[in-house]
Amino acid sequence: MAPTTERIQFLRAVRQLHRVRSFYTAGALLWAASSAWTGWQAPASRQMWVSLTLLTVFTALHITASLSLRRLAVPTTGRPAHHAASRKATSPRHAHA
């Protein structure tokens, strides 16, 4: 029973990392736009540096989540999944009356 539970927890962790990575991507895009706008309006201001700092933080978090997802990626073995049909030709199953 433990391998099934571990597999479910693994899949949940991967899904959560995908969601978090999307959130970090949106945050990085937001702070990039904010940094560009603030840099245009008030170059070298405190607000611009704060925006750049938050852009750096969200970019680092996005990279960390991406690396974690790559590390957790399931390697493909080239074998069919256990629920897939076998490669052997199966005989037709007809009911003879």
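Look a little higher up for the structure.
Quick caveat: nothing in here was measured; it's all calculated off a predicted structure.

1. Section: unusual backbone geometry
A negative phi holds for most residues other than glycine; trans holds for most peptide bonds.
Here comes step 1: Of note, Ala44 is a non-glycine position whose phi angle comes to about 60°, a positive value.
Here comes step 2: Structurally, Ala44 can be placed in the loop between α1 (2–41) and α2 (46–72).
Here comes step 3: Note on Ala44: relative accessible area 55%, which makes it exposed.

2. Some words on the side chain of Ser35
Here comes step 1: The residue Ser35 is located in helix α1 in this model.
Here comes step 2: A distance of 2.7 Å separates the side chain of Ser35 from the backbone oxygen of Trp31, its partner in a polar contact.
Here comes step 3: Ignoring any residue separated from it by four or fewer positions in sequence, one finds Ser35 in contact with Met48, Ser51, Leu52 and Leu55.

3. Concerning the environment of Ser66
Here comes step 1: Relative to the assigned elements, Ser66 resides in helix α2.
Here comes step 2: The spacing of Ser66 and Val20 is 46 residues in sequence and 9.7 Å in space, taken between C-alpha atoms.

4. Looking at the environment of Ala73
Here comes step 1: Mapped onto the secondary structure, Ala73 falls in the segment after α2.
Here comes step 2: For Ala73, a relative accessible area of 47% puts it in the partly exposed group.
Here comes step 3: With 59 residues separating them along the chain, Ala73 and Val14 place their C-alpha atoms 8.5 Å apart.

5. Let's talk about α2
Here comes step 1: The end-to-end C-alpha distance of α2, which contains 27 residues, comes to 39 Å, matching closely the 39 Å that a straight helix rising 1.5 Å per residue would cover.
Here comes step 2: Among all positions in α2, only Met48, Ser51, Leu55, Phe58, Ala65, Ser68 and Leu69 are buried.

6. So, the packing of aromatic side chains
Here comes step 1: Counted under the stated rule, the structure contains three aromatic pairs.
Here comes step 2: Ring centres 6.2 Å apart and planes at 55° place the aromatic pair Phe23 and Phe58 in the tilted group. You can see Phe23 sitting in helix α1 and its partner Phe58 sitting in helix α2, a full 35 residues away along the chain.
Here comes step 3: A relative accessible area of 54% means that Phe23 is categorised as exposed.
Here comes step 4: For the pair Tyr24 and Phe58, a centre-to-centre distance of 6.2 Å together with 75° between the ring planes defines the contact as edge-to-face. Residue Tyr24 is found in helix α1, and its partner Phe58 is found in helix α2; the two are separated by 34 residues along the sequence.
Here comes step 5: Linked through ring pairs, Phe23, Tyr24 and Phe58 together constitute an aromatic cluster.

7. Section: the nonpolar core
Here comes step 1: In terms of nonpolar packing, the biggest core is built from eight residues, these being Val14, Leu17, Tyr24, Ala28, Leu55, Phe58, Ala65 and Leu69.
Here comes step 2: Put simply, the parts of the chain that give this core at least two residues each are α1 and α2.
Here comes step 3: Beyond its immediate chain neighbours, meaning those up to four positions away, Leu17 contacts Ala65, Ser68, Leu69 and Leu72.

Conventions we followed
Residues numbered from 1 in each chain as written. Predicted model: local features only at pLDDT ≥ 70, side-chain atom pairs only at ≥ 80, totals over all residues. Heavy atoms only, no water. Helix = DSSP H or I, 4+ residues; strand = E, 2+ residues; numbered from the N terminus. Buried < 20%, exposed > 50% of the residue type's maximum accessible area, 1.4 Å probe, protein only. Polar contact = N/O pair within 3.5 Å; in protein donor to acceptor, adjacent residues only side chain to side chain. Contact = heavy atoms within 4.5 Å. Expected span 1.5 Å × (residues − 1). Phe/Tyr/Trp six-rings, centres within 6.5 Å; stacked < 30°, edge-to-face > 60°. Core = buried A, V, L, I, M, F, W, Y, C linked by side-chain atoms within 4.5 Å.

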